[in-house]
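Listed below, chain by chain, are the residues.
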Amino acid sequence: MKANDPWRVGVLFSQTGVTAAVERTGLNGTLLAIGEINEAGGILDRPLEPIVYDPGSLPKIYRSLAERLLSSDRVKLIFGCYMSNSRKMTIPVVEAFRGLLFYPTAYEGFEYSPNCIYTGASPNQNSLQLARYLFEVYGNRFLMIGSNYVFPYESNRIITDLVVQSRGKVLDEIYVPLDAGTDDFTKTIRLIEKLKPDVIFSTVVGRATPLFYRAYHEAGFDPATMPIASLTTSEAEVADMPAAIAEGHITGAPFFETLGTPAATRFVQAYKARFGADAPVTACAEAAYFQVHLAARAMRRAGTDDPDRLMGEVREAEFDAPQGRVRIDRENNHAFLWPRVARLDAAGRFQTVWNPGVRVKPDPYCVVQSLDDWSADSLHQTRG
Ligand code: ACM
């Protein structure tokens with residue numbers, strides 16, 4: 001390698017398939033950070049060069065493209081993945097090649113790989129807070145509806161534990177295909193009519209999301225008394241719904257486009273200047289953005305992209321992200337994050353309804369899974 005050769009890094013976000021809309025925001029966040037780093041002179045005078053592939057929202061294609069990146073393209077670092085089934089296909093390849101995956105998506109927890117840095121929310125950073133908010137404001141009789149794969153199964157298990165802890169009830173739990181069409185929601189709508197839950201907890205992801213919210217709206221249900229609550233319905237899915245269909249529903253996440261802090265505003269403005277005023281900015285985009293900056297800082301300090309030498313610098317690395325100051329926990333490779341809950345307003349924009357200003361230590365195995373102590377481990381939390 002010559003002195004000014006670029007650092008080649010892999011980028012795996014789907015631009016086609018069921019989760020293309022939100023994954024495009026992850027791609028944008030990644031490319032924005034790479035652009036900023038290169039405009040500021042690169043890393044040790046060498047630019048970052050992204051090698052971008054489109055896995056088409058198909059887990060097996062993630063696996064084969066990860067293999068191509070780590071073998072023929074000879075990259076060490078990969079930024080990407082959205083659905084947990086794609087991450088679970090990618091990690092064994094990354095481990096085999098001793099690479100490093102940076103994963104920017106909220107997920108179900110209960111996982112650790114020494115070759116993965118997790119920068120999206122774990123259940124103790126979104127599910128606990130969302131559940132508490134929902135119990136207080138709407139009630140604790142829940143109906144679960146999810147896409148048919150691992151993130152919904154596991155998220156429902158965790159939320160069920162919390163509902164039971166609050167002496168509430170899960171009335172039913174149903175799954176639709178990842179490529180669900182409108183007809184797939186007919187049974188769900190009938191169940192909602194019959195069971196009249198306080199909350200519909202939805203882990204429907206991607207393209208089916210606006211179809212489900214539309215079916216709910218057309219059935220004449222009222223989000224003021226029975227909202228759809230989600231961890232993944234982001235600005236990207238909402239961009240495919242009229243505002244009247246989105247209004248009143250709830251999402252728990254560490255970042256929303258409307259956050260409005262100086263750091264968040266700077267990020268949103270830079271993103272829209274590059275990708276267009278209408279380009280949605282999501283929690284996935286924000287984590288995709290800050291994880292590249294964290295990696296770059298670690299590479300500068302380590303002087304290499306060799307994961308074995310980089311890891312020591314990534315762990316405990318801090319960065320002023322758009323959501324607030326973040327840090328990677330050396331115990332588990334997950335990020336300390338800032339939980340928030342937001343409700344969609346009449347313009348289809350998220351407005352935070354619960355924003356405690358507390359940074360929460362990641363607890364991906366839910367060791368402390370108590371509703372009364374969602375910000376547990378006060379030694380490690382930071383008030384901001
Ligand atoms: C997800 O599958 N982690 C959204």
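Values in this document were obtained by computation on a predicted structure and should not be read as measured data.

## Observations regarding the packing of aromatic side chains
Link 1 in the chain: Going through the model one piece at a time under the given rule, you end up with 16 aromatic pairs.
Link 2 in the chain: Among the aromatic side chains, those forming a connected cluster through ring pairs are Phe255, Phe267, Tyr271, Phe275 and Tyr289.
Link 3 in the chain: Above the plane of the ring of tryptophan 7 lies arginine 46, whose end atom (NZ or CZ) is 3.8 Å from the centre.
Link 4 in the chain: Seen from the ring of phenylalanine 336, arginine 327 lies directly overhead, with NZ or CZ sitting 4.3 Å from the centre.

## A short note on the sheet that holds strand β6 (residues 141–147)
Link 1 in the chain: With respect to topology, seven strands assemble into an open sheet ordered β7-β6-β8-β9-β10-β14-β15, the strand pairing being mixed. Looking at the sheet topology across the chains shown, the edges are occupied by β7 (169–176) and β15 (350–354). Neighbour-to-neighbour, the strand axes of this sheet turn through a mean angle of 25°, independent of strand direction.
Link 2 in the chain: Relative to strand β14 (residues 340–344), strand β10 (residues 250–253) is paired through four bridges, and the arrangement is antiparallel. The partner of threonine 251 across the bridge, within β14, is alanine 342.
Link 3 in the chain: Contacts from helix α7 (residues 208–218) reach β6, β8 (199–203) and β9 (228–230) within the one sheet, and its direction differs from that of β9 by about 160°.

## Here's the deal with the side chain of lysine 361
Link 1 in the chain: By secondary structure assignment, the location of lysine 361 is in the loop between β16 (358–359) and β17 (382–383).
Link 2 in the chain: A polar contact of 2.6 Å, which involves the side chain of lysine 361, links it to the side chain of aspartate 329.

Quick notes on the rules
Residues numbered from 1 in each chain as written. Predicted model: local features only at pLDDT ≥ 70, side-chain atom pairs only at ≥ 80, totals over all residues. Heavy atoms only, no water. Phe/Tyr/Trp six-rings, centres within 6.5 Å; stacked < 30°, edge-to-face > 60°. Lys NZ or Arg CZ within 6 Å of the ring centre and 35° of its normal. Pairing = 2+ DSSP bridges. Helix = DSSP H or I, 4+ residues; strand = E, 2+ residues; numbered from the N terminus. Axes fitted to C-alpha atoms, helices over the stretch in contact; angles between N-to-C directions. Contact = heavy atoms within 4.5 Å. Polar contact = N/O pair within 3.5 Å; in protein donor to acceptor, adjacent residues only side chain to side chain.

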